[in-house]
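So you can see what is in the structure, the chains are spelled out below.
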Amino acid sequence: MKNIRLIFVFTFLLSFLAINVSAQTTVIKGIVTDAKDKDPLPYVTVLFKGTSIMTRTDADGRFTISSTASHNTLQFSYVGYKPEFVTITPAQSQEISVKLMPEATNLNEVVVTAGKRPRYRNKENPAVELIRKVIDNKAINRGERYKAIEFEQYERMMFSLSNLSEKFKKKRIFRNYQFLFEEQDSTKIGGKNILPVYMEEKLSQHYLQRDPDKKKTIVLANKQVNFDNALIDNKGLSQYFERMYADIDIYANNISLLSNQFLSPIADASPTFYKFFITDTIKTQQPNLVELSFIPRNNTDFLFEGKMYVTLDGTYAVKNAYLTVNKNINLNFVRALEATLNFEKNSDNRYHLGKSNLVVDFGINQNKGGGFTGERTVAYTKYKINTPQPEQIFQGDAVVVAPEAAKKSDEFWASSRADTLSEANLKVYQNIDTLNNMKSFQKTMDLVTLLFAGYKDFGPFEVGPVNTFYSFNDVEGLRLRLGGRTTTALSKRYYFETYAAYGLRDEKWKYFLSGTYSLNNKSVYTFPQHYVRASFQRDTKIPGQELQFVQENNFLLSFKRGENNVLLYNDFYRLEYMKEYENHFSYNVTLKKWTQRPGGVLAFTNFLDGQPNLIDNITTSEVGISLRYAPNEKFYQGKLYRTPIIDKYPVYNLRYAAGLDDVLGGDYSYHNINASIEKRFYLSQLGFSDVIVEGGYIFGKLPYPLLTIHRANQTYAFQLRSYNLMNFMEFVSDRYASLNIDHNFNGFFFNKVPLLKKLKLREIASFKIIYGGLRDENNPNRDASLLQFPVNSEGVKTTYSLNREPYMEGSLGIGNIFKLFRVDVVKRFSYLDHPVVSEYGIRAMVKFDF
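Residues numbered from 1 in each chain as written. Predicted model: local features only at pLDDT ≥ 70, side-chain atom pairs only at ≥ 80, totals over all residues. Heavy atoms only, no water.

Quick look at the side chain of Q209
As for its placement among the helices and strands, Q209 is situated in strand β10 (residues 193–209). Those residues in contact with Q209 that lie beyond four places of it in its chain are K147, A148, K214, Q389 and F394. (Helix = DSSP H or I, 4+ residues; strand = E, 2+ residues; numbered from the N terminus. Contact = heavy atoms within 4.5 Å.)

Structure follows, in structure tokens:
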């Protein structure tokens, strides 16, 4: 569920523009071969003559190119071959075969023997020997060899709707939006018409120093399309695209793209996963170059295909590279991907990356229909090496934004861009501003906000979320709820939220009211947060249920397995202070008074002088502090939650709470410490693992509701952080340590199985273990004066400690089902003798991945 808003951000304009393809499109498919030996030619440049509409043949020599404009000639060009021009018929779909004639050159005598094509192997393969020399020289060809580097970087990220047709543009629904279609561009992949809808430009100065390592980035200028709508987090959108389109370092072992890791063609292990071929030598440049082509051994793995040009001056540096992916790759929604890297010579005759361009074409349908095209261009200029840098440059934060960075004039950008922009691309800023001010577009976005975020905007106040208006459970019965909150249209400093709910079976009212004051004159959602908040909540809660990115009263969570007749009626009084810093360290100080009363079949009972004694409620007063550090964290800020954009960086949490006896009615004194570390580990072609290590300890004598009630899940949804075959309130501890591993193989094994690999499924495995226990002073089995563990409606005990053995469960799952679903078979390994438990279960979740 946490990725649904990111899916919407990626496709919200498709909701507004229902794309289709006109029959007037010219579509050319074909194959290009060598005229003499009849072998297919990979990566031949194909374009409509006199235009920039271009594509390239794949590793099998095949291509597809299209255009809605009228063109009658295709041009084919390839290093070492004569250009070829082919006449085509506009506005039709055609298939052609093209044969390229090698250019006449003086060649040494070559002996050719006919027969069966030899099997590819690494041994005694000159192409593999060459790539091994490139690998051996990676260290001296990377910037790490310099003591100091500085350069200016221009970066442009652009997203566009693609495959627009004339018929589509003339639809009645777009009568008021014709200004959008006045000027369009065409993609570099297949020549599809595109309509730019998002663009961001950034100009920054970079300083790097070795021994000791130091980095400094000064953002000199930044310009971005801004969507004036509360649903869209403009900064989060920028960070999400930045994560998808990360920098391409071909010298690294792994290249991060679209939230996945691709093995570089010059990774240490590349000869194991790639096939290499020497396809040309270029002697018109100094130093001479070798054209080295490569294809994946398995075309569904996360690998590139393409070619690179390697210098023959003894350094074996990469001078240029062209990367693409096979059409069968296990990558979702990607129709095509092309990356071009151009390197420039330094003063010491080494090479640095001068410009990179990455274009990705997305679509629901692989071959037709509308979609999105994203392009990121990065240019590096004013490159200096080994120039001493003043120490004061590196003082302060590693990334600094100049005060007037977002206010640079059009004249500044025109003179500072290291790459030219077309008129159609430049108009995107003006077009989106015009859209934001149009009443019809505002109404459309208001409806979309209701559908995707669950809120109906009424200006200073919005009502929602709608998915909590109706739910049900065994204790409250049918539960009705209505609520809402203020918006920045009322105030940026003051923020109020409220709801009221009523259960038809328990006939009790529940309600919530909170008030927040922002201390930095920003919205309380804006990073970095700095606010004080006071709130009161009277509501129910299932002990041990922890939800992430989902409302407690979400209608879909009403469906649960097993018995669901235990909950608490809680009164929460809270006062909290929140402070975040730009380096993503934050702390939260909380003062809380909590009164909890049993509900359903739950009862608070102990024994005094051998007689049962019912206790009406438990009241605690608590002061706590939470510390969180998430270096380099990026996230998308939604209406209710921040959705992390997961990367390789760890997240640290440390929480401490102290119970205050005889303060504000508190009855207990205790100390509770909890710590966790979570991190994603990338394992190249073997996928990635999400790992969470957590532990806690409670000091003091307490009734079980104040101890750690371990996270359980009785819904049919697979939950990453909870124990999916553990019942609510099944285990309680005053000390524990846990390990949670969720590994995605990204189809590494399924990709090797014929036929099965066409489904592009992905294997997933998880394992969870928790050690815990209760000291005798907190164990009601040892002390009758403590609250006794609850029993079910049949009088059978349902809550236990973990003193006997750890709780363990694991799962094997299949992901990427219809590109959206994950289904796991979960097995419970311990405590199988407990009542109403299952050894096996099937759980599912919605999971959007590229």
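Now, onward.
What to know about the packing of aromatic side chains
Per the counting criterion, the structure on display carries 34 aromatic pairs. Centre to centre, the rings of Y697 and F699 are 4.6 Å apart; their planes meet at 45°, and the pair counts as tilted. Judged by relative accessible area, Y697 falls into the partly exposed class, the value being 30%. Ring geometry for F731 against Y831: centres 4.9 Å apart, planes inclined by 65°, an arrangement best described as edge-to-face. Separated by 100 residues along the polypeptide, F731 in the loop between β39 (708–709) and β40 (732–733) and Y831 in the loop between β44 (821–828) and β45 (840–846) bring together distant segments of the chain. The exposure class of F731 is buried, given its relative accessible area of 0%. One aromatic cluster is present, formed by F159, Y245, F362 and F850 through successive ring pairs. The ring of F85 has K49 lying over it, and the distance from NZ or CZ to the ring centre is 5.1 Å. Here R574 stacks its cationic end above the ring of F572, 4.4 Å away from the centre of that ring. (Phe/Tyr/Trp six-rings, centres within 6.5 Å; stacked < 30°, edge-to-face > 60°. Buried < 20%, exposed > 50% of the residue type's maximum accessible area, 1.4 Å probe, protein only. Lys NZ or Arg CZ within 6 Å of the ring centre and 35° of its normal.)

A look at empty space enclosed by the protein
Within the structure shown, the criterion is met by 11 cavities of 30 Å³ or more. Every residue lining the largest cavity is counted, 23 residues in all, and those nearest its centre are E563, Q714, N727, F728 and T798. (1 Å grid on protein atoms, 1.4 Å probe; cavity = no way out; pocket = protein on both sides within 12 Å on 5 of 7 lines; lining within 4 Å. Points joined across faces, edges and corners; volume = space filled by probe spheres on them.)

Thoughts on helix α2 (residues 126–136)
Taken together, the buried positions of α2 are occupied by A127, V128, L130, I131, V134 and I135. Considered in projection along α2, the buried side chains sweep an arc of 160° and stay on one side of the axis. Among the exposed residues of α2, those oriented more than 90 degrees off its buried face are P126 and D136. Here the buried face of α2 lies against α3 (138–141), α6 (270–273), β14 (274–282), β15 (289–296), β16 (305–311) and β17 (318–324). Measuring from the side-chain oxygen of the N-cap residue of α2 to the backbone nitrogen of A127 gives 2.9 Å; that N-cap residue is N125. (Arc of directions from axis to C-beta. Polar contact = N/O pair within 3.5 Å; in protein donor to acceptor, adjacent residues only side chain to side chain.)

Notes on the environment of V566
Here V566 lies in strand β29 (residues 566–580). According to the relative accessible area criterion, V566 is partly exposed, its value standing at 22%. Note: C-alpha distance between V566 and D474 (92 residues apart in sequence) is 8.5 Å. Among all residues touching V566, those that are not within four sequence positions of it are V475, I542, P543, G599, V601, L602 and M729.

Quick word on the pairing of strand β7 (residues 93–100)
Only one face of β7 is covered, namely the one carrying Q94, I96, V98 and L100; the face carrying S93, E95, S97 and K99 has none of its residues buried. Summarising the sheet, strand β1 (residues 26–34) and β7 pair through 8 bridges and their orientation is parallel. Opposite V32, over in β7, you have V98 as the bridge partner. (Pairing = 2+ DSSP bridges.)

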